[in-house]
Amino acid sequence: MKTLFKYLAAVLPLALLAGCLEVDQHPVWINGKYAGKPDDRQYKVMFHNDKLAWWGANSNRNQYQNEYNRANP
């Protein structure tokens, strides 16, 4: 029985600390709108805000994935 209390005495503080260290994961909302950092679009980050270049790169990448073009060059 003493060993059971020893184990409980060792484990109980760890279990309580694990529950206390939980961080709030919800984003901040103010007046019904998201108040966090806005996410940048891919064409703004990688293509210097040139949406046409981004669209062309995506179109070219999609053409390389077309199996009909691979089989019949």
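From a predicted model like this one, the values you see are computed outputs, not experimental measurements. (Residues numbered from 1 in each chain as written. Predicted model: local features only at pLDDT ≥ 70, side-chain atom pairs only at ≥ 80, totals over all residues. Heavy atoms only, no water.)

**Student:** Looking at this structure, I do not really get the overall build of the protein. What am I missing?
**Tutor:** In terms of regular secondary structure, the protein is built from four helices and two strands. In the protein, the succession of helices and strands from N to C terminus is α-β-β-α-α-α. Relative to its length of 73 residues, the protein is extended, with a C-alpha radius of gyration of 27 Å against a globular reference of 11 Å. Along the first, second and third principal axes, the C-alpha set of the protein runs to 80 × 45 × 20 Å. The buried share among the 73 residues of the protein stands at 1%. Carbon and sulfur atoms provide 60% of the accessible area of the protein, an area that totals close to 7500 Å². Within the protein, one finds 9 positive and 6 negative side-chain charges whose respective centroids are separated by 5 Å. (Helix = DSSP H or I, 4+ residues; strand = E, 2+ residues; numbered from the N terminus. Rg over C-alpha atoms; globule rule 2.2 N^0.38 Å. Buried < 20%, exposed > 50% of the residue type's maximum accessible area, 1.4 Å probe, protein only. Areas by Shrake-Rupley, 256 points an atom, 1.4 Å probe, with all protein chains shown as cover. Lys, Arg positive; Asp, Glu negative; His and termini not counted. Charge placed at Lys NZ, Arg CZ, Asp CG, Glu CD.)

**Student:** Can you help me understand the confidence of the model for the protein in this one?
**Tutor:** In low-pLDDT segments, the atomic positions of the prediction should not be examined closely. Taken over all residues, the pLDDT of the protein has a mean of 85, while the share at 70 or more is 99%. Averaged pLDDT values over the elements of the protein bottom out at 78 in helix α1 (residues 2-20) and peak at 94 in helix α3 (residues 51-64). (pLDDT = per-residue confidence, 0-100.)

**Student:** For this particular structure, what's the right way to read the environment of W54?
**Tutor:** Within the element layout of this structure, W54 appears in helix α3. Those residues in contact with W54, other than ones at most four positions away along the chain, are Q42, Y43 and F47. (Contact = heavy atoms within 4.5 Å.)

**Student:** Can you walk me through unusual backbone geometry in this structure?
**Tutor:** Note: most peptide bonds trans; most residues except glycine with negative phi. If you check the backbone angles, N31 has positive phi at about 55° while not being a glycine. Following the sequence through the fold, N31 ends up in the loop between β1 (29-30) and β2 (33-34). On the basis of relative accessibility, which here comes to 77%, the residue N31 falls in the exposed class.

**Student:** What is the right way to read the packing of aromatic side chains from this model?
**Tutor:** Think of a pair of aromatic rings as described by two things: how far the centres are apart, and how the planes are tilted against each other in angle. Taken as a whole and assessed by the stated rule, the structure comprises two aromatic pairs. An angle of 70° between the planes, with centres 6.2 Å apart, marks the rings of W29 and Y34 as edge-to-face. On the basis of relative accessible area, W29 is assigned to the exposed category, the value being 53%. A ring pair is formed by Y43 and W54, whose centres lie 5.9 Å apart and whose planes are at 50°; its orientation type is tilted. Remark: W54 occurs in helix α3 and Y43 occurs in helix α2 (residues 42-46); sequence separation between them is eleven residues. Classification of W54 as partly exposed rests on a relative accessible area of 25%. (Phe/Tyr/Trp six-rings, centres within 6.5 Å; stacked < 30°, edge-to-face > 60°.)

**Student:** For this particular structure, what's the right way to read α1?
**Tutor:** Three or four residues apart is the spacing at which side chains of an α-helix point the same way, because the helix has 3.6 residues per turn. In a regular helix each residue adds 1.5 Å, so 19 residues correspond to 27 Å; α1 covers 28 Å between its end C-alpha atoms and thus fits that length. Burial analysis of α1 places just zero of its 19 residues in the buried class, a small minority of the element. (Expected span 1.5 Å × (residues − 1).)

**Student:** I keep staring at the environment of P38 and nothing clicks. Help me out?
**Tutor:** Tracing the sequence through the fold places P38 in the loop between β2 and α2. In this structure the C-alpha to C-alpha distance between P38 and W54, which are 16 residues apart in sequence, comes to 20 Å.

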